[in-house]
Structure formats: structure tokens, C-alpha cells
Amino acid sequence: MSLLAIDIGTTHIKAGLFKQDGELLQLAIYQNKSYQNEQGYFYYKPDEIWDTVTKAIKHVTTSQNENVSCIGITSMAESGLVIDSETGSFRSEVIPWFDRRTERISSQIEKEVNPLEHFQKTGLRNNYKHGLAKLLWLKQHNSDALRGAKWLSTSDFIAYMLTGKMGTDYTLAARTFSFRIDQKNWDVPWIRHFGLHESLFPEARPSGTKVGEIASDDFDKIGLKKGIPVAVSGHDHICAALAVGAVKPGFVSDSVGTAETLVGAFNERALTLKDYESGLNFGCHALPNTFFWMGAIQSSGGSVEWLRDLLSTDVLSYEDIVAVLDETPKHPTGILYYPYLAGSGSPYADSNAKGAFIGLTSRHGKGDLIRALLEGTAYEFEHMKQAVESYGIAKISKIFAAGGGTKNHHWMQIKADVSNCSLTIPSIQEATLLGAAIIAGLGCGIYKDEKEIARTLSRDKGVEIIPNEENHLKYRKLFEDGYLPLQKPLRSFYQKEW
């Protein structure tokens, strides 16, 4: 028996087939193509996403003589669409988390909210990314768009296409800004305050709970038998954190992708003023009776992608980047890079923040720019780490790094040197997919309890990256005397309208 996982990410759609012991049997990766219209709005085409998902499923199931016991679906958060509740037809495109069409709507929501009170209900601060802002934007531009409709995250959407049933999990429901993590239900008065109805939102359940079953024999052609249970496993970063073992207090997952996310777990409790002041986000974990805290660098791998496109007439491959870094001195550049190409995240979330290089001279070359960019993301990582510890949320004792960025050993060494903390890079190939599979397996009864999944995941040791003490001392001075104090005037400058 095997477990199938599907991951709808910002740039890729993946499917993975796993043995019950966590061994990856087969992997499929396809591009998730986004579009931009004349107004500059980004979107995905739902039919294209579905076609790609079915292609990926067929690739992994038909190449293995395995019976699928359950399916778990994970995805980027704050991305979704509206569909007709009766017919399932698309009422909107898939609006991604990074699209900024909702900034004006978000400013209007800000006037209606008590920030601390709502944070204690939802674990979030108001942001243009959230599902509520997207729904209000759709209503503003088409008054009929929401009538008889449902808002589905991309995970929920794929679950619906497979089962004909609509449902979501707590981790994705919370990213609408309309779900109470303290009560684990939709905030009906808040939803109605904006002229919406709670029926817009699907039933929310614990992560990995069965939404439905494969609905038709028609799915035989992609290797899925009628009756296989399908679950929404939830937020991609939470799935990855579970897979790498970052589920104990002080154990942290660092997921390094287009955006970079730091995630930790703690026992469920009421959120406090200190939690709010930390600038972090909080939510229901995929594990029972557990919350997570989360901080994000909006443009971590995104900064690398941006720079590699600029530095070459052809696309500079990631192998080329590593080769350039191999020839670049392995010590601090002295250049300060602020990775705010899409605004900044925790601990000082600011959609108006702008990226910057400071300290360039004519002697600096391509390798110095690339290394400085990696250093800047590491400084921002350290800033988040210090906020977690200084606000008493957790004392970080172990960091597990996962995602595409871990393939760049220069980047991982820089992160260790800046933070003066060793990093463990698990040998797990696809942490997010594995986490989605495991969570679905727990929710659908494949695994007996949390102890069994802990034993399943405990064999992996990974590679340890040890910090260089000499480099750390130099980085600490650059961080404390340069990176932290200089970002304040930069942020202040871009609060003005130009």
C-alpha cells in the first residue's frame, strides 16, 4: 500500500508516491504557470492546474505497481478561487498569494479591525494576501460573482475535482482572515460585517481529515481507483515542518523556496500581546492540540531568481550560480542586501518596504553580488530568529533546512555563519510532499497515532552544516552595526508617496 501526495506550489506542481515507511517511490514535477493581465494582476488558470495535477498523478501511479491507500493535498497558502456551489464551474481564476490587486481593499479592512483582538482570534494581521480581501475584491468588480459560490484554496479545489466534495483544513481556512483558530470555526459576525455570508466558506476540519473519496471510475485512467480517501493536508510549510521533524518546542523548520519560511510548534494556548508584538503569524498545526508560529522572507529564493535573470542574457542556471560562488572568496562581502522585492515579512511586516544593495564599489563582481544577496537573506533570517527568542516564543535549539535552496551549499554555510547555529539538512527529497502524505495517512487511519508517524520519520539523520566562528564574528558586526540600524531609514523613506 502506498500514499499519494500532491503539492500545488507557486512555481511547480508535484506529485509523489510514498511507501508507508516514508520511502519515495516516484516523483513528478511540472511547471505551474502564472499569467499577468493588462491591469498587471497575476493569476493561474484553474483548468490548467487541474490538467497538470492529473498528468502528475498519472506519471507517478502508472509507473509503479502500487495500490494507493489515501491521497493528501497541500498547497501555497492564501491562493484560491471561487466556484459555483451547485455546478462546480469556475467563477474566478485562481488568485495567488503574491498578487497585489487587493491592496486597496486591504486598507479598507484595516479601518474595520481591532488589530490585537483579531490577531488573538486568527493569529494573523491584516494583509492584502488573505482570502477575505480577495473575496471583497471579486464582489466589488462583479456583484454576482459570490452568489451561490464557495471560496476554495488550491488544495480544496483539487480535492473537490477528485471527490465532488467541498472542504478545507484549519491551516488553510485561517489564511482567509475569517477563521477563528481559538474556536476552530468560521467567524460569522466578522464575515457578515462585510456583507458576505458564511456559506461562502467550506466546512473546515483538522488537517488530513477525509474530505471525500475518489468519485468515479473515470479516474482509473490516471491510476486511481474509485473509493480512495482524499484529504486536504494543509499549508505547505506546515507539511514540510512535520516531515523534517520540527514539531518539538525549539525545533524549527526553515523552508527555503521562492519565499522562505521559519516554522516552529508549541502547545495550543491563548495568544498574547507579546505574540502580537513579535510580528510573527500563528495558526493551528497539522498535529492535534498544537499551534505553530511562522515568519516569512517574501523574496528569498525569489531574490535569487530575480538576480540570475538580470546577470545574464541567457538564464543563469543554479549550477552556474554555484560555480560562480566557488570562485568567490568565502568571507563576508561587506555589502548589505535587503530582500524586500515583494515587501518585508516578520518581524516587521511592511508591503511598502523596498529591496536595496548598500556598499557597492567598482571592485565588486558578479560573485560578490550573488554572495551579498545570499547574505542579505541570512541577515533577515537571523532577524526573525532573534524576534522568536526575544519575545519568549521559543528558544531555538535545532534548525532543519528544507526546500530547493538547500542545494546551494554556499547559501547554507552563510546561513549557519550568520546565525552561529548549525543547520541540519535532512536527506528527505521532498519534505512538503512527504508531510502531506503522512498527515493524510494519520487522518485517514493509515497510521495509528502521532507516535507511529514520529517513528516513521525518525530514521533520517541528514547533513550537518557547522558555522565558521571567524566569519560569524564579522557577520555579527555587519548585522548589528549595519543591517539592523540602516533598514530603519530605508523603511521610513518608502513609507512616503513619491
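Quick notes on the rules
- Residues numbered from 1 in each chain as written.
- Predicted model: local features only at pLDDT ≥ 70, side-chain atom pairs only at ≥ 80, totals over all residues.
- Heavy atoms only, no water.
- 1 Å grid on protein atoms, 1.4 Å probe; cavity = no way out; pocket = protein on both sides within 12 Å on 5 of 7 lines; lining within 4 Å.
- Points joined across faces, edges and corners; volume = space filled by probe spheres on them.
- Helix = DSSP H or I, 4+ residues; strand = E, 2+ residues; numbered from the N terminus.
- Nonpolar A, V, L, I, M, F, W, Y, C, P; charged D, E, K, R; others polar.
- Patch = residues over 30% accessible without salt bridge, like charges linked within 9 Å, V, L, I, M, F, W, Y side chains within 5 Å.
- Areas by Shrake-Rupley, 256 points an atom, 1.4 Å probe, with all protein chains shown as cover.
- Salt bridge = Lys/Arg side-chain N within 4 Å of Asp/Glu carboxyl O.
- UniProt positions renumbered as here; feature names shortened; annotations may be inferred.
- Axes fitted to C-alpha atoms, helices over the stretch in contact; angles between N-to-C directions.
- Parallel < 35°, antiparallel > 145°, perpendicular 65-115°, else oblique.
- Left-handed = near helix turned anticlockwise from the far one by under 90°.
- Contact = heavy atoms within 4.5 Å.
- Polar contact = N/O pair within 3.5 Å; in protein donor to acceptor, adjacent residues only side chain to side chain.
- Pairing = 2+ DSSP bridges.
- Buried < 20%, exposed > 50% of the residue type's maximum accessible area, 1.4 Å probe, protein only.

Structural notes on the layout of surface pockets
At step 1: The computed volume of the second largest pocket comes to approximately 630 Å³.
At step 2: Considering the residues around the second largest pocket, the lining is formed by 26 residues, among which Phe42, Phe98, Thr258, Glu305 and Ala342 are closest to the centre.
At step 3: If one sorts the elements of the lining of the second largest pocket by residue count, helix α10 (residues 301–310) sits on top with four residues.
At step 4: Residues belonging to the lining of the second largest pocket are distributed by class as follows: nine nonpolar, 11 polar and six charged.

Details of a nonpolar patch on the surface
At step 1: Taken together, the side chains of Trp306, Leu310 and Leu341 define a hydrophobic patch exposed on the protein surface, amounting to about 280 Å² of accessible area.
At step 2: Position of leucine 341 among the secondary structure elements: in the loop between β19 (336–338) and β20 (356–358).

Overview of the UniProt feature "domain: Carbohydrate kinase FGGY N-terminal" (unreviewed entry) in the protein chain
At step 1: This chain's UniProt record puts "domain: Carbohydrate kinase FGGY N-terminal" (unreviewed entry) on residues 4–242.
At step 2: With 29% helix and 26% strand, residues 4–242 has end C-alpha atoms that lie 17 Å from one another.

Side note on the packing of helix α14 (residues 431–443) against helix α15 (residues 450–457)
At step 1: Two elements in contact, α14 and α15, have axes whose closest approach is 10 Å; the angle formed by their N-to-C orientations is 150°. As the angle between them shows, α14 and α15 are arranged roughly antiparallel. The crossing of α14 and α15 is right-handed. The segment α14 lies against α15, with Leu434, Ile438 and Leu442 engaging Glu450, Ile453, Thr456 and Leu457.
At step 2: Looking at side-chain class alone, the contact of α14 with α15 contains five nonpolar, one polar and one charged residues.

Digging into the side chain of asparagine 126
At step 1: Here asparagine 126 shows up in the loop between α3 (115–122) and α4 (131–141).
At step 2: Polar contacts involving the side chain of asparagine 126 include one to the main-chain carbonyl oxygen of serine 106, which spans 2.8 Å.
At step 3: With sequence-adjacent residues up to four places away left out, asparagine 126 is seen in contact with Ser106, Ile109, Glu110 and Phe177.

Some details on the sheet that holds strand β6 (residues 68–75)
At step 1: With mixed pairing, the six strands of this open sheet are ordered in space as β3-β2-β1-β6-β14-β13. Two strands in the sheet have a free side with no partner beyond their single neighbour: β3 (24–31) and β13 (210–213). In this sheet, neighbouring strand axes are inclined to one another by 20° on average, regardless of whether the strands run parallel or antiparallel.
At step 2: Most of the contacts of helix α1 (residues 46–61) go to β3, to which it runs at about 155°, and overall it touches β1 (2–8), β2 (12–19), β3 and β6.
At step 3: Sitting on the sheet, helix α8 (residues 236–244) is in contact with β1, β6 and β14 (229–235), with an inclination near 95° to β14.

A word on the pattern of salt bridges
At step 1: Under the defined criterion, the tally for this structure stands at 23 salt bridges.
At step 2: In this structure, glutamate 93 and arginine 101 form a salt bridge, with 3.0 Å as the shortest nitrogen-oxygen distance.
At step 3: Judged by relative accessible area, which is 26%, glutamate 93 ranks as partly exposed.
At step 4: Residue classification places arginine 101 among the buried residues on the basis of a relative accessible area of 7%.
At step 5: A salt bridge links aspartate 481 to lysine 477; its shortest N-O distance comes to 3.0 Å. Note that aspartate 481 and lysine 477 are positioned in helix α16 (residues 469–493) at a spacing of four residues, about one turn of the helix. Lysine 477 carries the same exposure label as aspartate 481, and that label is exposed.

Digging into the sheet that holds strand β21 (residues 398–402)
At step 1: If you trace the seven strands from one edge of the open sheet to the other, you get β17-β18-β16-β15-β21-β22-β23, paired in mixed fashion. Edge positions in the sheet fall to β17 (281–284) and β23 (463–465), since each has one partner strand and no second. Averaged over neighbouring strand pairs, the angle between their axes works out to 30° when direction is ignored.
At step 2: Pairing analysis gives five bridges linking strand β15 (residues 251–256) to β21, with the strands arranged parallel. Within β21, the residue paired with valine 252 across the bridge is isoleucine 399.

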